[in-house]
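Each chain is listed here by its residues.
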Amino acid sequence: MKRALTAVVGAAAIAAPVANAAAVLTKKPKVKPKKRVVTVSKTVTGDPGFAGRWGDVQVTLIVKKTTTILGRKKTVARRIAKVDVPVFPDHTDRSVFINQQALPMLVQEVLQAQFSPNIDWISGATDTSNGFIDSLQSALLLAKKV
């Protein structure tokens with residue numbers, strides 16, 4: 001009896017790893033979906049904004065659109081990477097001085113607010129601020145379509 005019991009236990013010990021190996025081979029391995037990230041940069045230019053009798057202000061935005069695809073899930077994120085003001089009133093020394101002070105502050109406001117046109121005006125540069133915000137709003141509308 002002792003020999004029969006030993007034989008059965010021995011056979012079970014030998015068969016167990018084989019059964020586990022067979023079970024591992026029949027299970028479908030879990031495949032992690034690959035993550036793909038696509039980043040595209042687009043430049044959009046708003047319509048010129050009227051800065052009173054001083055002229056026009058025009059805003060150009062560089063928008064980075066990042067698309068992340070994980071399996072069937074797709075996530076799109078947009079952010080403003082850079083703001084440029086190629087057109088601004090500069091016909092007098094006073095206009096140049098005011099805009100050298102005001103435009104960097106307006107640009108910083110846009111980078112902080114991202115896709116919100118609600119930025120603060122700059123005291124002493126009201127006309128430039130108005131024209132900047134008008135041009136910014138048209139640029140933001142184009143940027144949301146990117």
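Preceding this paragraph is the structure being described.
Definitions and cut-offs
- Residues numbered from 1 in each chain as written.
- Predicted model: local features only at pLDDT ≥ 70, side-chain atom pairs only at ≥ 80, totals over all residues.
- Heavy atoms only, no water.
- Helix = DSSP H or I, 4+ residues; strand = E, 2+ residues; numbered from the N terminus.
- Axes fitted to C-alpha atoms, helices over the stretch in contact; angles between N-to-C directions.
- Left-handed = near helix turned anticlockwise from the far one by under 90°.
- Contact = heavy atoms within 4.5 Å.
- Nonpolar A, V, L, I, M, F, W, Y, C, P; charged D, E, K, R; others polar.
- Core = buried A, V, L, I, M, F, W, Y, C linked by side-chain atoms within 4.5 Å.
- Buried < 20%, exposed > 50% of the residue type's maximum accessible area, 1.4 Å probe, protein only.
- Expected span 1.5 Å × (residues − 1).
- Pairing = 2+ DSSP bridges.
- Bend = angle between axes of the 7 residues up to and from the residue.

### Quick word on the environment of Gln-108
Now for step 1: Here Gln-108 shows up in helix α2 (residues 93-113).
Now for step 2: For the pair Gln-108 and Ile-119, spaced 11 residues apart in the sequence, the C-alpha separation amounts to 9.6 Å.

### Considering the packing of α2 against helix α3 (residues 126-144)
Now for step 1: Contact geometry for α2 and α3: axes closest at 11 Å, N-to-C directions at 35 degrees. Seen along the crossing, α2 lies across α3 with a hand that is right-handed. Residues Asn-99, Leu-103, Leu-106, Val-107 and Val-110 of α2 form the contact with α3, whose participating residues are Thr-128, Ser-129, Phe-132 and Leu-136.
Now for step 2: Taken together, the residues of the contact of α2 with α3 break down into six nonpolar, three polar and no charged.

### A word on the nonpolar core
Now for step 1: Counting 25 residues, the largest nonpolar core has Leu-61, Ile-80, Val-83, Val-110, Ile-119, Phe-132 and Leu-136 as the members making the most contacts within it.
Now for step 2: Sorting the residues of this core by element identifies β3 (56-70), β4 (73-87), α2 and α3 as the ones contributing at least two each.
Now for step 3: For this core, the leading source of residues is α3, giving six residues.
Now for step 4: Beyond its immediate chain neighbours, meaning those up to four positions away, Leu-61 contacts Lys-42, Thr-43, Val-44, Ile-80, Lys-82, Val-83, Val-110, Leu-136, Ala-139 and Leu-140.

### Structural notes on α3
Now for step 1: Relative to the 27 Å expected for 19 residues at 1.5 Å per residue, α3 spans 27 Å between its end C-alpha atoms, a close match to the ideal helical length.
Now for step 2: Along α3, the residues classified as buried are Thr-128, Ser-129, Gly-131, Phe-132, Ile-133, Ser-135, Leu-136, Ser-138, Ala-139, Leu-140 and Ala-143.
Now for step 3: Of the surrounding secondary structure, the elements contacted by the buried residues of α3 are β1 (35-45), β2 (49-50), β3, β4 and α2.

### Observations concerning the pairing of β3
Now for step 1: When β1 meets β3, the two strands line up antiparallel, connected through 11 bridges. Across the sheet, Val-44 pairs through a bridge with Leu-61, a residue of β3.
Now for step 2: Relative to β3, β2 runs antiparallel, the two being bridged by two bridges. Each residue of the ladder has a partner; that of Gly-49, found in β3, is Val-57.
Now for step 3: In sequence, β2 turns back onto β3 through a hairpin of five residues, with Gly-52 there showing a positive phi of about 65 degrees.

### Notes on α2
Now for step 1: Taking 1.5 Å as the rise per residue, α2 with 21 residues should run 30 Å; its terminal C-alpha atoms sit 30 Å apart, in good agreement.
Now for step 2: A maximum bend of about 30 degrees is found in α2 at Asn-99.
Now for step 3: Considered for burial, the residues of α2 that qualify are Ser-95, Asn-99, Ala-102, Leu-103, Leu-106, Val-107 and Val-110.
Now for step 4: Each element contacted by the buried residues of α2 is listed here: β3, β4 and α3.
Now for step 5: A positive phi of about 55 degrees marks Gln-114, the residue just after α2.

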